[in-house]
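In case you want the letters, here they are:
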Amino acid sequence: MASLAVRNLFHDRVRLVVTLTGIVFAVVLVAVQIGLFIGFTTTTSNVIDNSGADFWVVARGVGYLEVATPFSEKNLYHARATPGVADAQKFIVRFSVWKQADGSQRNCEVVGLDPDSSMGRPWKVVEGDVRDLKLPGTVIVDRFYGPKLGVSRVGDTVEIRGVRARVVGFTDGIRTFTTSPLAFTSFKSAQRYGPVDDDKTVFLLIKAAPGWNLERVRAGLKARLTDVDVYTAREFSGMTTRYWMFGTGAGVTVILAAILGLLVGIVVVAQTIYAATIDHIREFGTLKAMGATNGYIYRIILRQAAISAAIGYGVGIVVAILAEHSSRHGGANIVLPVPVRAALFGLTLAMCVSAAVVSIDKVTKIDPAMVFRG
Amino acid sequence: MQPIVAVRDLTKTYAQGAAASRALNGVDLDIYPRQVTLLMGPSGSGKTTLVSIMGCILRPSSGSVKVAGREVTRLSEKELPAIRLRHMGFVFQGFNLFPTLTAVENVEIALELKRVPRRERRMRAGALLDEVGLNDKHRAYPADLSGGQKQRVAIARALAGDPDVILADEPTAALDKTSGRTVLEMLRRLAHDKGRAVVIVTHDARTLDYADRVVDIEDGRIAAERDAGEERYLVAEEG
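Residues numbered from 1 in each chain as written. Chains lettered and ligands numbered in written order. Predicted model: local features only at pLDDT ≥ 70, side-chain atom pairs only at ≥ 80, totals over all residues. Heavy atoms only, no water.

(A) Structural view of the overall build of chain B. When helices and strands are tallied, chain B shows seven helices and 10 strands. Relative to its length of 239 residues, chain B is compact, with a C-alpha radius of gyration of 18 Å against a globular reference of 18 Å. The principal-axis extent of the C-alpha atoms belonging to chain B is close to 50 × 50 × 40 Å. For chain B, with 239 residues in total, the buried portion stands at 56%. Excluding contacts between residues fewer than 6 apart, the proportion of contacts in chain B whose partners are at least 24 apart in sequence is 66%. Here chain B displays about 10600 Å² of accessible surface, and carbon together with sulfur accounts for 45% of that area. With 35 positive and 33 negative side-chain charges, chain B shows a spacing of 7 Å between the two charge centroids. (Helix = DSSP H or I, 4+ residues; strand = E, 2+ residues; numbered from the N terminus. Rg over C-alpha atoms; globule rule 2.2 N^0.38 Å. Buried < 20%, exposed > 50% of the residue type's maximum accessible area, 1.4 Å probe, protein only. Contact = heavy atoms within 4.5 Å. Areas by Shrake-Rupley, 256 points an atom, 1.4 Å probe, with all protein chains shown as cover. Lys, Arg positive; Asp, Glu negative; His and termini not counted. Charge placed at Lys NZ, Arg CZ, Asp CG, Glu CD.)

This is the structure:
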């Protein structure tokens, strides 16, 4: 049976190529769309996910990171006095306007942090030092956005909302979903770039003391702080991701494209496997006449589908991984973790097997008496 | 001698209502081991329908078919493949070999259906090909074989399941004279030396030389049944 399945599959090379092209196309499309989805979800919340904070305190009613409104910094002192709080820091994320030396302007997201704190710091720093941000009017930006921001080395100067800013370092690989580059700076500088009033902050980042129950710490914060909401980092990350991915429709588009890829794959594979089954229908009739059960013939067809799936997935995932690597140097961020790659194999297998169902239905209806006709 | 296949009052009607066409109409027939039985008759007389029903691949409209003493007309679709596998071997006019498999693999597949272990399959398939004179063609693909060689592979495949009955539908129709004789001689030896019941559906008068019994079918009925020697005499007289 194995040899008949394999031989029939490889006998018609053109059809095999068409089948595999369909599967590869579907795998690449689905992988890239899922990779983009994961990449998007990662970038929408990367500031929160890399903050190192246990809690994010935001003005009441704030739904996601980029639209937070400032609130009184008095809450900082109340937070620090809350039992179970090891550290609390003011933090700013605000859209602002970046003006290059040549006068051209573009949006950026100013991230204001305490350079001495372990929370909210830029990650993936490849040049410079976060402590350099202690100097007023200094920023760290990502290398990827350097050309767009008109900076290429430490010491370059620009203006953010009319205030001078000097580049003191670079990160590598921090993307933003909004396409507005992040400009890490000190909290004080961010208040000017934001702008944010001197007695206000946009967020409080809270680190719980080791061994404390997080819900108890949150209850304490809620009791002491006024006009704010207290979220765990995971909750706030989820809220921000859901907003960008589903509130704006961006994620739905990506998911629809992935589903479309899957459907195209199923149709192409179903069509080619069906055509192959029709071509070999007399052989299947002969097998039935010889005493083969329907199950035996189903296994031949399913084996062909599985082999097609394995080859198509192998080629497709290599292309998708190449796309993932090349995306590191491009605008789109494709992320394909190993578990996702493994799940994609299951999906490809399911796609091919479901595509074979049409052929199985055809085989079920074969009249073995056909073997006596001409 | 007990018949290996016993057919009684068999009818087969295709379609229904005004379009109904009766292919078999009250057929009684016994098939015996060690005999070559020819089913002869004009096109559309019901020969192929009869052999399909005897081979358990077509259901009759009414009547009884017993294979090795077991009534098969009431068996389910799931039970019939086992009967075919156990008792029937088929040889087709168009050979019906699997073009992507070699000669030995074509024979092996019949053994695989009988769940013969892989190693034993190759050995037995090779021996069967040797038996039909294809010692040097084990690895040849059907496309590289002559018509006679293909039919011999088909016979080896039919024998692989060690069946009681070989049902051959126009086995010489696509063969030249020499190949046809070789195949018929082979089928006769299967009946006389190996004790199989061989049923041959044919129009080919050359087949008479290799038969023990001739059954004439006309309009879905058995018109005549006689000893092949007598038939050969009549043909010679007419000649």
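(B) Examining the packing of aromatic side chains more closely. Residue and element names in this part refer to chain A. Counted according to the given criterion, the structure contains 16 aromatic pairs over all chains. Between Trp 56 and Phe 91, the ring centres sit 5.4 Å apart and the planes meet at 90°, which makes this aromatic pair edge-to-face. Of this pair, Trp 56 sits in strand 1 (residues 55-59) while Phe 91 sits in strand 3 (residues 85-99); the two residues are 35 residues apart in sequence, bridging distant segments of the chain. Pair check on accessibility: Trp 56 and Phe 91 agree, each one buried. Put simply, the rings of Phe 40, Tyr 64, Phe 177, Tyr 243 and Trp 244 pair up and form one aromatic cluster. (Phe/Tyr/Trp six-rings, centres within 6.5 Å; stacked < 30°, edge-to-face > 60°.)

(C) View of the sheet that holds strand 9 (residues 213-218) of chain B. Residues and elements named next belong to chain B. The six strands lie next to each other as 6-7-8-3-9-10, forming an open sheet whose pairing is mixed. Looking at the sheet topology across the chains shown, the edges are occupied by strand 6 (88-91) and strand 10 (221-227). Across the sheet, the axes of successive neighbouring strands diverge by a mean angle of 20°, strand direction being ignored. Judged from the six bridges that link them, strand 9 and strand 10 form a sheet pairing that is antiparallel. Considered in strand 10, the bridge of Asp 216 is made with Ala 224. Each of strand 3 (36-40), strand 6, strand 7 (165-169), strand 8 (197-202) and strand 9 is contacted by helix 1 (residues 47-54), which is oriented at about 155° to strand 8, the strand it contacts most. (Pairing = 2+ DSSP bridges. Axes fitted to C-alpha atoms, helices over the stretch in contact; angles between N-to-C directions.)

(D) Seen up close, the sheet that holds strand 4 (residues 62-67) of chain B. Residue and element names in this part refer to chain B. Spatially, four strands are ordered 2-1-4-5 in an open sheet, and the strand pairing comes out antiparallel. Bordering the open sheet on either side are strand 2 (21-31) and strand 5 (70-71), each of which pairs with just one other strand. In this sheet, strand 4 lies alongside strand 1 (residues 5-14) in antiparallel orientation, the contact comprising five bridges. What sits directly across from Thr 11, in strand 4, is Ser 62. Here helix 1 sits on the sheet in contact with strand 1, strand 2 and strand 4, set at roughly 55° to strand 2.

(E) View of the interface of chain B and chain A. Counting from both sides, the interface comprises 24 residues of chain B and, opposite them, 22 residues of chain A. Each partner contributes to the roughly 2200 Å² buried at the junction of chain B and chain A, and carbon and sulfur atoms together form 64% of this total. When the buried area of chain B at its contact with chain A is split by residue, Phe 98, Thr 100 and Leu 113 of chain B rank highest and sum to 26% of it. Joining chain B to chain A, the criterion identifies one salt bridge. (Buried area = accessible area lost by both parts, 1.4 Å probe. Salt bridge = Lys/Arg side-chain N within 4 Å of Asp/Glu carboxyl O.)

(F) Spotlight on the packing of helix 3 (residues 103-113) of chain B against helix 5 (residues 147-160) of chain B. Residues and elements named next belong to chain B. Contact geometry for helix 3 and helix 5: axes closest at 8 Å, N-to-C directions at 25°. Overall, the two elements helix 3 and helix 5 adopt an arrangement that is roughly parallel. Seen from above, helix 3 lies across helix 5 with right-handed handedness. Of the residues in helix 5, those touching helix 3 at Ala 103, Asn 106, Val 107, Ala 110 and Leu 111 are Val 153, Ala 156, Arg 157 and Ala 160. Class assignment for the residues of the contact of helix 3 with helix 5 results in seven nonpolar, one polar and one charged. (Parallel < 35°, antiparallel > 145°, perpendicular 65-115°, else oblique. Left-handed = near helix turned anticlockwise from the far one by under 90°. Nonpolar A, V, L, I, M, F, W, Y, C, P; charged D, E, K, R; others polar.)

(G) View of the side chain of Gln 149 of chain B. All names here are of chain B. Counting through the fold element by element, Gln 149 comes out in helix 5. Given a relative accessible area of 17%, Gln 149 falls into the buried group. Excluding residues that lie within four positions of it along the chain, Gln 149 makes contacts with Leu 134 and Lys 137.

(H) Representation of the nonpolar core. Judged by nonpolar contacts, the single largest core of 129 residues is most densely connected at Leu 287 of chain A together with Met 54 of chain B. For this core, the element with the most residues is helix 2 (residues 13-44) of chain A, which contributes 12 residues. Among all residues touching Met 54 of chain B, those that are not within four sequence positions of it are Val 5, Val 7, Leu 29, Ile 31, Leu 39, Val 67, Met 88, Leu 167 and Val 199 of chain B. If you look at the next biggest cluster of nonpolar residues, it comprises 65 residues, including Val 111, Leu 133, Val 168 and Tyr 231 of chain A. (Core = buried A, V, L, I, M, F, W, Y, C linked by side-chain atoms within 4.5 Å.)

(I) Just helix 1 of chain B, in detail. Residues and elements named next belong to chain B. Counting buried residues along helix 1, seven of its eight residues qualify, which places the element largely inside the surrounding structure. Taken as a whole, helix 1 has its buried residues at Lys 47, Thr 49, Leu 50, Val 51, Ser 52, Ile 53 and Met 54. Looking one or two residues past helix 1, Cys 56 carries a phi angle of roughly 65°, positive in sign.

(J) Representation of the pairing of strand 1 of chain A within the structure. Residue and element names in this part refer to chain A. In terms of burial, strand 1 is a largely internal element, five of the five residues being buried. Here strand 1 pairs with strand 11 (residues 203-208) via four bridges, running antiparallel. Bridging from a neighbouring strand, Phe 55 pairs with Ile 206 of strand 11. Pairing geometry for strand 1 and strand 12 (residues 228-232), over five bridges, is antiparallel. Following the sheet pairing, Trp 56 is matched in strand 12 by Tyr 231.

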